[in-house]
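Each chain is listed here by its residues.
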Number of protein chains: 2
Amino acid sequence: MQKPAIPKGTRDFSPEEMEKRNYIFDTIRSVFYLYGFKQIETPAMENLSTLMGKYGEEGDKLLFKILNSGDFLKGINEDDLENRNLSRLTYQICEKGLRYDLTVPFARFVVMHRNEISFPFRRFQIQPVWRADRPQKGRYREFFQCDADIVGSDSLLNEVELIQMTDEVYKRFGIRVCIKMNNRKILSGIAEIIGEAEKIVDITVAIDKLDKIGLENVNAELAAKGIADSAIAKLQPIILLKGSNREKLQILKRELHSSEIGMTGVLEMEKILDKIEIVGMNSELEMDLTLARGLNYYTGAIFEVKALDVQIGSITGGGRYDNLTGVFGMPGVSGVGISFGADRIFDVLNQLNLYPAGSAQKTKVLFVNFGEKEEDHIFPYLYQLRKNGVNAEIFPEAVKMKKQMSYADANNIAFVVIAGETEIQEKVFLIKNMKTGEQQSIPQNKFIDYFSE
Amino acid sequence: MQKPAIPKGTRDFSPEEMEKRNYIFDTIRSVFYLYGFKQIETPAMENLSTLMGKYGEEGDKLLFKILNSGDFLKGINEDDLENRNLSRLTYQICEKGLRYDLTVPFARFVVMHRNEISFPFRRFQIQPVWRADRPQKGRYREFFQCDADIVGSDSLLNEVELIQMTDEVYKRFGIRVCIKMNNRKILSGIAEIIGEAEKIVDITVAIDKLDKIGLENVNAELAAKGIADSAIAKLQPIILLKGSNREKLQILKRELHSSEIGMTGVLEMEKILDKIEIVGMNSELEMDLTLARGLNYYTGAIFEVKALDVQIGSITGGGRYDNLTGVFGMPGVSGVGISFGADRIFDVLNQLNLYPAGSAQKTKVLFVNFGEKEEDHIFPYLYQLRKNGVNAEIFPEAVKMKKQMSYADANNIAFVVIAGETEIQEKVFLIKNMKTGEQQSIPQNKFIDYFSE
């Protein structure tokens, strides 16, 4: 007899959790549709040749690999086996792996289906991904990503739309957020201006930590990376840039005027702000030069969303990239995308208690079961309620009232309906509101209407 | 440069396919809610110890196994390696596998969460499963199952509810179906009566083929399995049972009166029919004694759904089982469940062209992009449309009109809106209905209302 368990880092989702998760996914999905995004899905398994080398050496190790079916040792290299050459053996006994993110499968999808797609392609995808990471609080081996991307267009309108869409999503959730924005070209411009263009990665990694470790430690880290004191000095006014977005842009225009790439970034940012202002936003939008994100991937605007009322990492992020599909033989596909972190949004909504009260996923009415005869009496009413779109159940067995009531309680059922011998004789239903405890006697001919407002 | 591909037996789903699949899943889900079912999800990966031995020897081979992370050869048995003992090696290098169905993970879930669940537990689950089967037409290595089960109650009301729910699902799809029903206890009774109780599996396997191979071949197969001629003769009136459900029940009552288990089955069937008749059904409901299904698993009522207007295997199936969780140390949990075959329903809806015309998943309005100035003019209208719940887009670049129109065509967008210099001056929008080709000029102040009926 086994004591059952699930693999570490994975989760079961109970009905209560599913209700919340469906609320999150449904909300995001409906906003995606509103903005013209179309859903796709890709298989959980991809060929390892599709996945390998896309996430760095560390990422390759974190891929879950699937053992070949049948004789997986057939044709294996005996030397590799003898020498325990694990990485070479792995690719001989495993051809497939579980997807690690939604971006690489999306790139593969675009290339495979290029002739069926009408570009610009506005796609979204909400599916689980798997990473063999060490599990810890808030980090799972299976988790969902919600990605929306527009590929095949380098218009800045796309950035504007993604920002507006993000604003709309959080407005619907009722979560107050600050959308932070930066531009990779501005960061490149800054590195150029201070004479350390080739140290761009070190610089951005360091200033990205400003919030956490403070200015002094950032400067120490920059020095440790071999950045000249004069360059660090020049960097100070930029790191500490304050004021409104427009004020920041003015200062950057002055500081970066001799860097072509830097000025391109500043003008992109300015245009995005101009367009956003036409209809305005619900959320704060803040230019933040310390925002870095995966630099090797992004090439233009980058975004991150911070919840204002909860202490938690970024709950959404994204940006512009230049060469999504090049690695699969289709160069020149630029795009911009955004990814919503469902698990963190779940935590924020829980902490702020922002889930909507009513739910189409809950049972509204439970009929108490008193036995055969009463069942038959109830059946047409149960049928009619459901026909009117009211989620309803009858307890399947005529067990003690107390047990049936506690079932209703445990399942958060709003109303319990009692139709025993007495009620049937009196041609009424006794309706108990489980929240207020109130009981009400309703004539049979008014019963259906009672629940159909 | 790689030419990208996906593993055989797996599929990408395009936006058009996703729209149809979402329609299928949303329809089923909303009926599940109506009947009080609650959704759960379980992880894609389960411990192999949870999965192994649950699907027979063949099933064990069809499990996708996941290579352990890190040094998967550490502590491996050298003899097993030398002797190429594949099955022993597999469990040394793989601890986890992908789920093969939703039933075993559900049983594991019930046992693990027994203290949080209020029984009877009405759960549904819609998730992909994976099988390393040889791919062929209509058979995939990744496919979705939609299961609904009621566990912790042996009331026949549960069977009745599942039949009514199935009826409602197909009514909503507009698919005409026959719900076939049988009962394992009746089959046992028949085997008992003809004096071949221990040959029940052979008998049911044979008569299950009646439709395909005809009576003569069924009888030949029975004889080949060593069933006595006299027993085969006794079986004939039962195999060939005709008439209404009530007539069949009358005959079975006569034929099976000396079999206790047989009579129990007959009375169960009768009670289910009684309850169903109270409110009636949209679909046909037919008692079919040749219906067998996985006998080792089911113990009472069994169901199968056949589409009437399309040649295809069963599109839904299920039944009563007695010991779901025994293997995980929790005996006595009876249940009854039903599983909808999403892929086959997809095919049936396609063949009968039954998908609804309008869809909340499509873009309704595309604004043509003429450049900066026109963009800024359009922005507030685009914003307002979306605010009113109309899915809308602006083409992100001011490319040739023809390209923008063909984008609208390819994406099945219903209306294209033109607001160039002239229209702006005349304070109108030109609206083109992409289906009819009609064009209409609408004053700016009536534009939002036009799309908001």
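Residues numbered from 1 in each chain as written. Chains lettered and ligands numbered in written order. Predicted model: local features only at pLDDT ≥ 70, side-chain atom pairs only at ≥ 80, totals over all residues. Heavy atoms only, no water.

**Things to note about the overall build of chain A**
In step 1: Along the backbone of chain A there are 18 helices and 16 strands.
In step 2: Here chain A has a C-alpha radius of gyration of 29 Å; the compact-globule value for 453 residues is 22 Å, and the former is much larger.
In step 3: Residue burial in chain A is summarised as follows: out of 453 residues, 58% are buried.
In step 4: In chain A, once contacts between residues fewer than 6 apart in sequence are set aside, the share between residues at least 24 apart is 68%.
In step 5: For chain A, the exposed area adds up to about 19,200 Å²; of that, 48% sits on carbon and sulfur atoms. (Helix = DSSP H or I, 4+ residues; strand = E, 2+ residues; numbered from the N terminus. Rg over C-alpha atoms; globule rule 2.2 N^0.38 Å. Buried < 20%, exposed > 50% of the residue type's maximum accessible area, 1.4 Å probe, protein only. Contact = heavy atoms within 4.5 Å. Areas by Shrake-Rupley, 256 points an atom, 1.4 Å probe, with all protein chains shown as cover.)

**Some words on the sheet that holds strand S5 (residues 121-130) of chain B**
Residue and element names in this part refer to chain B.
In step 1: Across the sheet, which stays open at both edges, the 8 strands sit in the order S1-S5-S6-S11-S10-S9-S7-S8 with mixed pairing between neighbours. Strand pairing shows two members of the sheet lacking a second neighbour, strand S1 (38-39) and strand S8 (284-287), which therefore form its edges.
In step 2: Summarising the sheet, strand S9 (residues 301-307) and strand S10 (residues 316-321) pair through 4 bridges and their orientation is antiparallel. The residue of S10 that forms the bridge with Phe-303 is Gly-318. (Pairing = 2+ DSSP bridges.)

**Description of the pattern of salt bridges**
In step 1: In the structure shown here, the tally under the stated rule is 58 salt bridges over all chains.
In step 2: Two residues, A:Asp343 and A:Arg11, come together in a salt bridge whose shortest N-O distance is 2.8 Å. Here the residue A:Asp343 occupies a position in helix H14 (residues 342-352), and A:Arg11 occupies one in the segment before helix H1 (15-34), the gap between them amounting to 332 residues. The residues A:Asp343 and A:Arg11 share a single accessibility class, namely buried.
In step 3: Salt bridges linked by common partners bring A:Lys38, A:Arg122, A:Glu161, B:Arg386 and B:Glu393 together as one network. (Salt bridge = Lys/Arg side-chain N within 4 Å of Asp/Glu carboxyl O.)

**Examining helix H14 (residues 342-352) of chain B**
Residues and elements named next belong to chain B.
In step 1: Residues of H14 that are buried: Ala-342, Asp-343, Ile-345, Phe-346, Val-348 and Leu-349.
In step 2: Contact partners of the buried residues in H14: helix H1 (15-34), strand S6 (142-151), helix H7 (157-173), S9 and strand S11 (335-340).
In step 3: Where H14 ends, the next residue or the one after it, Asn-353, has phi of about 55 degrees, a positive value.

**Observations regarding the sheet that holds strand S9 (residues 301-307) of chain A**
Each strand in a sheet pairs with its neighbour through backbone hydrogen bonds, running either in the same direction (parallel) or in the opposite one (antiparallel).
All names here are of chain A.
In step 1: Read across the sheet, 8 strands follow the order S1-S5-S6-S11-S10-S9-S7-S8 without closing on themselves; strand pairing throughout is mixed. Of all strands in the sheet, those with a lone pairing partner are strand S1 (38-39) and strand S8 (284-287), marking the two edges.
In step 2: By the bridge criterion, 6 bridges tie strand S10 (residues 316-321) to strand S11 (residues 335-340) in an arrangement that is antiparallel. Bridged to Tyr-321 within S11 is Gly-335.

**A closer look at the relation of the copies chain A and chain B**
In step 1: Once chain A is rotated about the relating axis by 180 degrees and shifted along it by 0.0 Å, it coincides with chain B to within an RMSD of 0.1 Å. Taken together, the rotation and translation describe the operation of a two-fold axis. Ranked by how close their C-alpha atoms come to the rotation axis, the residues of chain A are headed by A:Ile66, at 2.3 Å. (Least-squares fit on C-alpha atoms with pLDDT ≥ 70 in both.)

**Quick notes on the pairing of strand S7 (residues 177-183) of chain A**
Residues and elements named next belong to chain A.
In step 1: Among the 7 residues in S7, 7 count as buried, and that is most of the element.
In step 2: Side chains Val-177, Ile-179, Met-181 and Asn-183 project from S7 onto one buried face, and the interleaved Cys-178, Lys-180 and Asn-182 project onto a second face that is buried too.
In step 3: As judged from the 7 bridges shared by S7 and S9, these two strands associate in the antiparallel manner. Looking at S9, one finds that Ile-179 is bridged to Val-305.

**Notes on the pairing of strand S4 (residues 94-98) of chain A**
Along any regular strand, the residues point their side chains to alternate faces of the sheet.
Residue and element names in this part refer to chain A.
In step 1: Judged by how many residues are buried, S4 sits mostly within the fold: 4 of 5 residues are covered.
In step 2: The pairing of strand S3 (residues 65-67) with S4 spans 3 bridges and is antiparallel. Within the sheet, the bridge partner assigned to Ile-66 lies in S4 and is Lys-96.

**Topic: helix H13 (residues 260-279) of chain B**
All names here are of chain B.
In step 1: In this model, H13 (20 residues) spans 30 Å end to end at C-alpha, consistent with the 28 Å of a helix rising 1.5 Å per residue.
In step 2: By the burial criterion, the buried members of H13 are Gly-262, Gly-265, Val-266, Glu-268, Met-269, Glu-270, Ile-272, Leu-273, Lys-275, Ile-276 and Val-279.
In step 3: Immediately beyond the C-terminal end of H13, within one or two residues, lies Gly-280, with a positive phi of roughly 80 degrees. (Expected span 1.5 Å × (residues − 1).)

**Digging into unusual backbone geometry**
In step 1: In this structure, the amide linkage connecting A:Phe119 to the following residue, A:Pro120, adopts the cis form with an omega of -5 degrees.
In step 2: Position of A:Pro120 among the secondary structure elements: in the loop between helix H6 (103-112) and strand S5 (121-130).
In step 3: One non-glycine residue with positive phi stands out, namely A:Asn412, at about 55 degrees.
In step 4: On the basis of relative accessibility, which here comes to 48%, the residue A:Asn412 falls in the partly exposed class.
In step 5: Phi at B:Arg84 is positive, roughly 55 degrees, even though this residue is not glycine.
In step 6: Here B:Arg84 lies in the loop between helix H4 (78-82) and helix H5 (86-93).

**Examining the environment of A:Asp101**
Residue and element names in this part refer to chain A.
In step 1: Within the secondary structure, Asp-101 is located in the loop between S4 and H6.
In step 2: Taking C-alpha positions, Asp-101 is 8.7 Å from Arg-131, a pair spaced 30 residues apart along the chain.
In step 3: Every residue in contact with Asp-101, bar those within four places of it in the chain, is listed here: Tyr-55, Val-129, Arg-131 and Gln-145.
In step 4: Reaching out from Asp-101, the side chain makes a polar contact with the backbone nitrogen of Thr-103 at a distance of 3.2 Å.
In step 5: Within the structure, Asp-101 has its side chain in polar contact with the backbone nitrogen of Val-104 (distance 3.2 Å). (Polar contact = N/O pair within 3.5 Å; in protein donor to acceptor, adjacent residues only side chain to side chain.)

**Here's the deal with empty space enclosed by the protein**
In step 1: What the rule picks out here adds up to 6 cavities of 30 Å³ or more.
In step 2: Lining the largest cavity we find A:Phe72, A:Leu73, A:Ile76, A:Leu81, A:Leu89, A:Ile93, B:Phe72, B:Leu73, B:Ile76, B:Leu81, B:Leu89 and B:Ile93.
In step 3: Sorting the residues of the lining of the largest cavity by element identifies helix H5 (86-93) of chain A together with H5 of chain B as the ones contributing at least two each.
In step 4: By residue class, the composition of the lining of the largest cavity is 12 nonpolar, no polar and no charged. (1 Å grid on protein atoms, 1.4 Å probe; cavity = no way out; pocket = protein on both sides within 12 Å on 5 of 7 lines; lining within 4 Å. Points joined across faces, edges and corners; volume = space filled by probe spheres on them. Nonpolar A, V, L, I, M, F, W, Y, C, P; charged D, E, K, R; others polar.)

**A closer look at the nonpolar core**
In step 1: Grouped together as the largest cluster of nonpolar side chains are 95 residues, with contacts concentrated most on A:Phe173, A:Ile345, B:Phe367 and B:Phe447.
In step 2: The contact partners of A:Ile345, leaving out residues within four places of it in the chain, are A:Ile24, A:Ile28, A:Tyr170, A:Phe173, A:Ile175, A:Ile315 and A:Phe340. (Core = buried A, V, L, I, M, F, W, Y, C linked by side-chain atoms within 4.5 Å.)

**Some points on the packing of helix H9 (residues 200-207) of chain A against helix H10 (residues 210-224) of chain A**
In step 1: Look at H9(A) against H10(A): their axes get within 8 Å of each other, and the N-to-C directions meet at 140 degrees. Across from A:Asp202, A:Ile203, A:Val205, A:Ala206 and A:Ile207 in H9(A), the residues of H10(A) making contact are A:Leu210, A:Val218, A:Glu221 and A:Leu222. (Axes fitted to C-alpha atoms, helices over the stretch in contact; angles between N-to-C directions.)

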